[in-house]
Structure formats: C-alpha cells, structure tokens
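Here are the chains, one letter per residue:
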Amino acid sequence: AQSVTQLGSHVSVSEGALVLLRCNYSSSVPPYLFWYVQYPNQGLQLLLKYTSAATLVKGINGFEAEFKKSETSFHLTKPSAHMSDAAEYFCAVSKAAGNKLTFGGGTRVLVKP
Amino acid sequence: DAGITQSPRHKVTETGTPVTLRCHQTENHRYMYWYRQDPGHGLRLIHYSYGVKDTDKGEVSDGYSVSRSKTEDFLLTLESATSSQTSVYFCAISEGLAGSSYEQYFGPGTRLTVT
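Residues numbered from 1 in each chain as written. Chains lettered and ligands numbered in written order. Predicted model: local features only at pLDDT ≥ 70, side-chain atom pairs only at ≥ 80, totals over all residues. Heavy atoms only, no water.

(A) Expanded view of the overall build of chain B. Each helix and strand counted, chain B has zero helices and 11 strands in total. Going from the N terminus to the C terminus, chain B shows its helices and strands as β-β-β-β-β-β-β-β-β-β-β. The C-alpha atoms of chain B give 13 Å as radius of gyration, which agrees with the globular expectation for 115 residues (13 Å, within 12%). Each principal axis of the C-alpha atoms in chain B carries an extent, and together these give about 45 × 30 × 25 Å. Across the 115 residues of chain B, 50% fall into the buried class. Pairs at least 24 apart in sequence give 55% of the contacts found in chain B among residues at least 6 apart. (Helix = DSSP H or I, 4+ residues; strand = E, 2+ residues; numbered from the N terminus. Rg over C-alpha atoms; globule rule 2.2 N^0.38 Å. Buried < 20%, exposed > 50% of the residue type's maximum accessible area, 1.4 Å probe, protein only. Contact = heavy atoms within 4.5 Å.)

Right under this line is the structure:
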C-alpha cells in the first residue's frame, strides 16, 4: 500500500525567506507525485506534478519540487515566500491510471511579515 | 478552472437522517472521486467511479454509498448520518486516459455538519 508522510503539520516562515515543505512517500512501483495547495474555504489546486520525466519539476507561483528516488522524497520549495503563499499544502502519490490519490496529512504554512 | 460544482455547499443535518451530496462536472472526464477532509488526515478517499454505473470503494467507505447514472453526475449518500461523518467533502475528476498525467481536479467542497 502507498503512504505519504509530510513532516511538520505547521511551518512558519518570514516573508522573503525560503519555503521548504517535506514529503516522503512509499510506493511499490514508480509513483506519480503531486503537490496541491488549498487556500481557506476553497478546494485543492494543483501546484505541480512529477510523472517520470524531469526530476526537477517547476510549478505555478514560483514553486518547484525535486523527485529523489533514492530518498523516496518529493520536497517542495520556493526561494522567497510571499504573504499570498499562506495556505495548506498537500503532497499526494498515485501509482498509475485509475489514479487513486493517497494524500499526506498536509502542512499549513504561515508567512510572517 | 475545471468545471466542477458541488451541491449543497453547506448542510446541517441531524443524526440518523439520510443525506445526498451531488457532484456535477462539465469536462466529460471518465473518473470521479469523493474524498473527505478532516484535520490531520489530509484527504481520504471514500468512493470513486471509473465510468457510468462503475464504482468502487475507497479507504473510508463504511456508511457511504454512491451512484453514477450519467457521466457528469456523481452522488454520495449517507444513508443514516452520524456525528463522525461531520466533515468537508470534496469531489474530484480525472481524465484517466492512457498517456494522461493523472492529476485530479477538485470541486469547491461541501461542509457537512451532523448534529
């Protein structure tokens, strides 16, 4: 069975500082990996995805993530946090088409001025 | 934005009453999903559908049933609501085609409170 672990349920960063959100997964087959963002009282929006092409994936709003097979990780980063980045972020994994997603518990990001 | 709507957006109901939530899509996607979101648990899959009249259980399906009689509609029913089913419910859709990138698109959610 697949599982996803997001280290840290809450992260606080200063505006302009690096954002680093950690995601580790377990999967018996090469996975498809996703990061979603959820703003208050909204649904989930896809930030970026890894589908076995380039290991460094760029997404929307200046976010990127690197797939590291040896570490079974897919950490999300943004060089400079903006106040608008305050949201909850979810990492998710899927094995294949039929594509049931397994989600991590989420990391809520607070951005301090 | 993907054309996904959910209704109702908010509902308060009493324990023991039946409740049906509706998800409607305009994208003609093959796959549809129902998730529930609870603090600390992320999103957990309740049921999903891979075509009209084709459905299967997810990891937290007890107490829930679904139906899909048309491509565009996916209904989630709580036969007899319990307080443990108080949650935010999200519908999602996916193309599910060979060669597609498998991402899911989410609706705005339904906040259900069972008193």
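Don't stop here, the text continues.
(B) Summary view of the sheet that holds strand β7 (residues 64-68) of chain A. Residues and elements named next belong to chain A. The strand order across the open sheet built from five strands is β1-β3-β8-β7-β6, with neighbouring strands paired in antiparallel fashion. The sheet is open, and its two borders are formed by β1 (3-7) and β6 (56-58), each paired with just one other strand. Each neighbouring strand pair of the sheet contributes to a mean axis angle of 20°, computed without reference to strand direction. (Pairing = 2+ DSSP bridges. Axes fitted to C-alpha atoms, helices over the stretch in contact; angles between N-to-C directions.)

(C) Up close: unusual backbone geometry. All names here are of chain B. A cis amide bond links Ser 7 to the next residue, Pro 8, at an omega of -10°. Here Pro 8 is to be found in the loop between β1 (4-7) and β2 (10-13). Phi at Asn 28 is positive, roughly 60°, even though this residue is not glycine. Looking at where Asn 28 falls in the secondary structure, it is placed in the loop between β3 (19-25) and β4 (31-38). With a relative accessible area of 64%, Asn 28 lands in the exposed category.

(D) Expanded view of the sheet that holds β1 of chain B. Residue and element names in this part refer to chain B. Taken in spatial order, the four strands make up an open sheet running β1-β3-β8-β7, and their pairing is antiparallel. Either end of the sheet is taken by a strand with one partner, and the two such strands are β1 and β7 (64-70). Here the strands of the sheet are splayed against their neighbours by 20° on average, with no regard to which way each runs. Pairing of β3 with strand β8 (residues 73-78), which is carried by six bridges, proceeds in the antiparallel orientation. When the bridges of β8 are listed, Thr 20 appears paired with Thr 77.

(E) View of the pairing of strand β5 (residues 42-51) of chain B. Residue and element names in this part refer to chain B. Counting buried residues along β5, nine of its 10 residues qualify, which places the element largely inside the surrounding structure. Summarising the sheet, β4 and β5 pair through seven bridges and their orientation is antiparallel. Within the sheet, the bridge partner assigned to Asp 38 lies in β5 and is Gly 42. Linking β4 back to β5 in an antiparallel pair, the connection comprises three residues, with Gly 40 at a positive phi of about 85°. In this structure, β5 lies alongside strand β6 (residues 54-57), joined through four bridges in antiparallel fashion. Residue pairing in the sheet places Tyr 48 in a bridge with Asp 56 of β6. Linkage of β5 to β6, two consecutive antiparallel strands, is achieved through a turn of two residues, within which Lys 53 is found at a positive phi near 70°.

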